[in-house]
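# Structural features, examined
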Amino acid sequence: MKKVLVAYYSRTGKTQKMADYIAEGIRLSGNAVEMKKIVDIKSEKDIEGYDGYIFGCPTYHKSITKNFETFLFLVEKAGLKGKIGGAFGSSTHSGEAPGVIFDTMEHVFAMKMTNLGPFDLRENVVDSNEGIKACQDYGRTLGGMLN
Ligand SMILES: Cc1cc2nc3c(=O)[nH]c(=O)nc-3n(C[C@H](O)[C@H](O)[C@H](O)COP(=O)(O)O)c2cc1C
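Residues numbered from 1 in each chain as written. Predicted model: local features only at pLDDT ≥ 70, side-chain atom pairs only at ≥ 80, totals over all residues. Heavy atoms only, no water.

## Observations concerning the UniProt feature "domain: Flavodoxin-like" (unreviewed entry) in the protein
UniProt records the feature "domain: Flavodoxin-like" (unreviewed entry) for residues 4-143 in the present numbering. End C-alpha to end C-alpha, residues 4-143 measures 8 Å, and it is 39% helix and 21% strand. (UniProt positions renumbered as here; feature names shortened; annotations may be inferred. Helix = DSSP H or I, 4+ residues; strand = E, 2+ residues; numbered from the N terminus.)

## Overview of the nonpolar core
Core analysis: the largest hydrophobic core is formed by 47 residues, its most contacted members being Ile47, Phe55, Phe68 and Phe71. Only strand E1 (3-8), helix H1 (14-28), strand E3 (52-56), helix H2 (66-78), strand E4 (84-91), helix H3 (97-108), strand E6 (119-122) and helix H4 (129-144) provide two or more residues apiece to this core. With residues up to four places along the chain from it excluded, the contact list for Phe68 reads Tyr9, Ile38, Phe55, Gly56, Cys57 and Ile101. (Core = buried A, V, L, I, M, F, W, Y, C linked by side-chain atoms within 4.5 Å. Buried < 20%, exposed > 50% of the residue type's maximum accessible area, 1.4 Å probe, protein only. Contact = heavy atoms within 4.5 Å.)

## Digging into the side chain of Lys36
Inspection of the secondary structure puts Lys36 in strand E2 (residues 32-37). Buried charged residue Lys36 carries no salt bridge. Nearest counter-charge: Glu34, at 4.1 Å. (Lys, Arg positive; Asp, Glu negative; His and termini not counted. Salt bridge = Lys/Arg side-chain N within 4 Å of Asp/Glu carboxyl O.)

## Examining the site of the ligand
Residues in close proximity to the ligand total 18 residues, the closest being Ser10, Thr12, Thr59, Ser90 and Glu123. Here Ser94 contributes a side-chain N or O atom positioned 2.7 Å from a nitrogen atom of the ligand. Starting from 640 Å² of accessible surface for the ligand in isolation, the protein chains cover 81%. Elements with a minimum of two residues in the shell around the ligand: H1 and E4. Residue composition of the shell around the ligand, by class: 2 nonpolar, 12 polar and 4 charged. (Near = heavy atom within 4 Å. Polar contact = N/O pair within 3.5 Å; in protein donor to acceptor, adjacent residues only side chain to side chain. Areas by Shrake-Rupley, 256 points an atom, 1.4 Å probe, with all protein chains shown as cover. Nonpolar A, V, L, I, M, F, W, Y, C, P; charged D, E, K, R; others polar.)

## Quick word on the pairing of E1
The buried fraction of E1 is high, at 5 of 6 residues. Here 6 bridges tie E1 to E2, and the two strands are oriented parallel to one another. Of the residues in E2, the one forming a bridge with Val4 is Val33. With respect to chirality, the unit in which E1 leads through H1 into the neighbouring parallel E2 is right-handed. (Pairing = 2+ DSSP bridges. Right-handed = clockwise from strand over helix to strand, strands pointing away.)

## Digging into the packing of H1 against H4
Between H1 and H4, the least distance of the axes is 6 Å, while the angle of their chain directions is 50°. In terms of axis orientation, H1 runs oblique to H4. Judged by the twist between their axes, the crossing of H1 over H4 is right-handed. Residues Met18, Tyr21, Ile22, Glu24, Gly25, Ile26 and Leu28 of H1 touch H4, and the partners they reach there are Ile132, Cys135, Gln136, Tyr138, Gly139 and Arg140. (Axes fitted to C-alpha atoms, helices over the stretch in contact; angles between N-to-C directions. Parallel < 35°, antiparallel > 145°, perpendicular 65-115°, else oblique. Left-handed = near helix turned anticlockwise from the far one by under 90°.)

Here it is, written out as structure tokens:
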């Protein structure tokens, strides 16, 4: 059994719900998952040692938030080259954040990213059956890359 870190920021709880459903999907793939809020991640040591990584941030002002930018500089120090990765976040209309994170993981950290691409979900569907299933599928597919 491999272990995936789901690290996320959520201001009003939508991306946090996505994180919970994605974690369910990872467990359905037969792998273990640990969830961390980025505010609780103090050093690169808190990031190292997992087989896969899924990072989540909602879109604010057409990008990731300032604290998520800072978090990505910590991730750089952790050295995740070749590790499995994915990125997600909730939004209302434009949804750039998951793409920004995904591109950084792929091109800067040289991680092995899921073919599903970045996963943006409009906040009004996060709690619908369709939204829950989309999150679970994202987690399960990423977990499947570890099997
Ligand atoms: C000040 C502000 C700016 C926002 N900017 C964007 C934006 O540029 N694009 C977008 O799609 N959503 C934008 N949103 C909507 C949030 O992404 C959306 O509410 C999201 O679900 C919040 O996720 P959270 O509950 O995880 O914090 C903005 C919301 C606020 C309050």
